[in-house]
Amino acid sequence: MSERIEDFLKELLHDVSLTAAANGEFKEDVFFRQMCDHLVAAGELETHERATHADRGIRIDGHGGNPDEADGNLSLIVLDFHQDDTIESLTGTEMDAIFNRLTNFMKRAREPAFRNALDDSSTALDAAVHINAMWVKARRVKLILISNRRLSARVDGRDAVTIDGKTVTYSVWDLERLWKYVSSGREREDMELDLVDEFGGAIPALPAHLGTGDYEAFLCVVPGAQIARIYDRWGSRLLEQNVRSFLQLKGNVNKGMARTIRETPEMFFAYNNGITATAEAVTLSDDGTGIARIRNLQIVNGGQTTASLHLHRAKGGTLDNVFVQMKLSIVRPERSEEVVPRISEYANTQNKVNAADFFANHPFHIELEKLSRRILAPPVEGTFTQTRWFYERSRGQYQNAKASTSGAAQKKFDAEWPKAQLITKTDLAKFLNLWPGEFGMVNPCSVCRGAQKTFSDFAANVSSKWSDTSLAGVNDEFFKECVAKAIIFLETEKIVSNRPWYQKGYRAQIVAHALAKLAWDIQQRQDSLNFTAVWDRQTLPPALHEAIIAAVDAVREVVTSPAQPGQNITEWAKITACWQRVQALEIEWPEALPDILQSVADARAARKGAKATKKAYDATQAAIDVINLGAAYWQQLMQWPGVRKAITPKELSLVALAAQGRSLSDKQGVAAMEARDKAIDAGFPAG
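Bear in mind the structure is a predicted one, so any value in this text is a computation, not a measurement.

1. Points about the overall build of the protein chain
And then number 1: Along the backbone of the protein chain there are 29 helices and 20 strands.
And then number 2: With the C-alpha coordinates aligned to their principal axes, the bounding extent of the protein chain is approximately 85 × 75 × 55 Å.
And then number 3: Looking at the protein chain as a whole, 53% of its 687 residues qualify as buried.
And then number 4: Long-range pairs, those at least 24 residues apart, make up 72% of the contacts in the protein chain between residues at least 6 apart in sequence.
And then number 5: When the accessible area of the protein chain is evaluated, it comes to approximately 31,200 Å², of which 49% is carbon and sulfur surface.
And then number 6: Seen as two clouds, the 82 positive and the 88 negative side-chain charges of the protein chain have centres 3 Å apart.

Pasting the structure below:
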């Protein structure tokens with residue numbers, strides 16, 4: 001990523017212009033989507049919906065979805081987009097004027113006369129209906145200004161206000177804040193918890209480390225009210241990185257917690273298992289007996305406890321006599337991907353946070369990343385250049401790889417890894433959740449719920465199916481299929497944007513349901529789409545292009561016509577009733593559709609063959625890895641004191657052969673490398 005903010009702005013505008021031209025979109029729409037994607041990744045938004053209206057003294061550009069899925073936040077978005085590639089200043093007066101226009105729309109949206117005056121087909125009406133319907137549900141309102149100007153240094157914030165009984169807060173994502181976040185390569189914007197000034201005081205803490213190593217830990221006793229206040233401020237951002245679930249009172253454990261909080265709060269400490277948490281850094285109180293500040297707190301276990309306390313307080317209950325034990329481990333940022341999932345896995349859990357093991361370092365993601373770096377895509381017709389699709393398993397990998405080059409090498413990187421061929425984890429979840437498959441499911445409602453929600457569903461689905469043999473399914477053919485699904489999705493977005501009926505709204509919902517409908521109807525025929533045909537062309541075959549046009553034209557009417565008059569369209573697209581109406585559509589598919597289909601049996605046979613090839617390759621590679629590690633490495637393992645407890649006698653004999661420099665068969669190589677992994681898990685140095 002650019003080291004200078006000036007270069008960041010130029011790259012941003014260049015990317016917006018290229019994307020807008022390629023997709024036939026307005027630049028402001030592209031800017032909205034790209035910036036809001038960053039805000040979702042940063043944890044500021046749960047999802048985003050484009051909705052535009054501008055008149056004298058009034059404006060809105062989008063909203064952040066259902067408050068029920070966003071920790072009670074009703075988020076409204078306004079843009080300040082300028083096409084000049086020189087940095088301009090956003091003054092405090094200008095900021096106030098922009099927020100006032102958004103506030104005016106928020107107020108007017110709750111007036112029947114205003115809503116009735118809006119065009120029935122406009123996204124502005126959908127936004128107004130959304131605000132009016134969600135006002136009762138919302139616990140607070142968050143107004144977000146996104147600008148590619150730099151906020152004046154004289155502006156240090158904007159105080160929260162109360163409007164019609166709701167606390168209204170303000171958040172500005174200006175050019176500098178965006179630049180710092182994107183260039184940091186972080187999955188989330190930093191959370192700084194000032195316990196003394198913001199949350200009632202330092203937490204009593206007892207050090208649980210020797211002070212001689214690089215590991216720090218504390219045993220803490222936290223007032224229940226303090227936990228509830230922290231959750232009220234930061235919400236689901238506290239519950240695991242990337243895979244977040246809204247936890248409600250379900251199951252006997254949660255009901256028991258709620259009953260204890262209500263009836264015998266003084267016994268909560270005794271009955272509850274407490275919280276396991278991590279942080280990147282802490283600051284101790286002046287007397288050293290408590291923790292005054294925490295950076296990037298993550299509750300890796302105990303999410304139900306946290307949510308139960310928060311819910312009790314939100315309903316007006318008291319937590320004066322409730323205390324919770326917390327084990328807090330300090331994990332440096334560079335080790336978080338490795339250590340945090342293990343802490344979550346090994347913790348003595350009550351109800352584990354969904355898909356806690358599906359972090360960026362899950363074997364699924366690591367293997368897909370390796371494949372993306374190795375496999376060349378065929379040249380597009382009319383060109384001779386082969387490119388690659390970059391799978392980004394953790395945020396910032398693409399920019400970091402690009403930043404490591406310069407001059408001619410960077411031009412070569414851009415040619416080999418075009419930014420348009422970048423696939424993130426959340427992108428992949430969206431693509432795969434619209435098609436049946438070993439790691440997929442036809443679930444357009446999930447996709448319509450936004451990037452984080454559909455990733456959580458995807459992670460839970462894959463985790464539930466994952467076994468020791470699953471890695472064989474993440475092979476060359478699977479990667480090519482993933483890319484084909486990405487191409488189909490991205491091309492469908494372009495198709496919708498170019499349809500004569502498209503009026504800048506609900507594209508995401510139409511795309512999701514149209515592709516799901518196509519996948520569903522193909523599945524009902526006992527057929528499967530030939531994804532290889534898409535991969536080979538790196539674009540849509542003509543028959544598939546025609547089929548998608550038929551799908552979007554038919555689905556659009558259902559998606560934009562909710563069952564109940566006045567129902568919010570974006571919320572309608574998320575529910576099963578919408579998908580059921582789409583499933584029931586009778587679509588006249590093009591006669592050429594069978595040309596791009598194959599039987600389910602043929603598709604299954606191809607996957608089986610790809611798995612066999614992958615297993616054979618992995619076995620051969622394992623034997624090579626044994627040799628590459630060297631006899632001296634295996635001698636060190638033989639001499640390691642814990643080796644006989646970590647591995648079996650049979651495995652030890654293979655290690656002994658490797659230590660002698662003997663060649664192993666493919667099967668023996670796999671067993672030796674598995675023995676090495678066991679030893680590393682037991683404490684043997686990995687290097």
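The structure having been displayed, the exposition proceeds.
2. A look at the packing of helix α13 (residues 363–374) against helix α19 (residues 476–497)
And then number 1: Two elements in contact, α13 and α19, have axes whose closest approach is 10 Å; the angle formed by their N-to-C orientations is 85°. Of the possible angle classes, the one that applies to α13 and α19 is roughly perpendicular. Residue-level contacts link F364, L368, L371, S372 and R374 of α13 to D476, F478 and F479 of α19.
And then number 2: Residues that form the contact of α13 with α19 fall into these classes: five nonpolar, one polar and two charged.

3. Some words on unusual backbone geometry
And then number 1: Look at D164: it is not a glycine, yet its phi comes out positive at around 50°.
And then number 2: Along the chain, D164 turns up in the loop between β7 (161–163) and β8 (166–173).
And then number 3: On the basis of relative accessible area, D164 is assigned to the exposed category, the value being 54%.
And then number 4: Phi is positive for Q526, close to 65°, though the residue is something other than glycine.
And then number 5: Structurally, Q526 can be placed in the loop between α20 (507–524) and β19 (527–529).
And then number 6: Note on Q526: relative accessible area 56%, which makes it exposed.

4. Looking at the sheet that holds strand β2 (residues 58–63)
And then number 1: In spatial order, the strands read β1-β2-β3-β5-β8-β7; together these six strands make up an open sheet with mixed pairing. Looking at the sheet topology across the chains shown, the edges are occupied by β1 (49–55) and β7. On average, each strand axis in the sheet is tilted by 30° relative to the strand beside it, whichever way the strands run.
And then number 2: Examined bridge by bridge, β1 and β2 share five bridges and lie antiparallel to one another.

Parameters and conventions
Residues numbered from 1 in each chain as written. Predicted model: local features only at pLDDT ≥ 70, side-chain atom pairs only at ≥ 80, totals over all residues. Heavy atoms only, no water. Helix = DSSP H or I, 4+ residues; strand = E, 2+ residues; numbered from the N terminus. Buried < 20%, exposed > 50% of the residue type's maximum accessible area, 1.4 Å probe, protein only. Contact = heavy atoms within 4.5 Å. Areas by Shrake-Rupley, 256 points an atom, 1.4 Å probe, with all protein chains shown as cover. Lys, Arg positive; Asp, Glu negative; His and termini not counted. Charge placed at Lys NZ, Arg CZ, Asp CG, Glu CD. Axes fitted to C-alpha atoms, helices over the stretch in contact; angles between N-to-C directions. Parallel < 35°, antiparallel > 145°, perpendicular 65-115°, else oblique. Nonpolar A, V, L, I, M, F, W, Y, C, P; charged D, E, K, R; others polar. Pairing = 2+ DSSP bridges.

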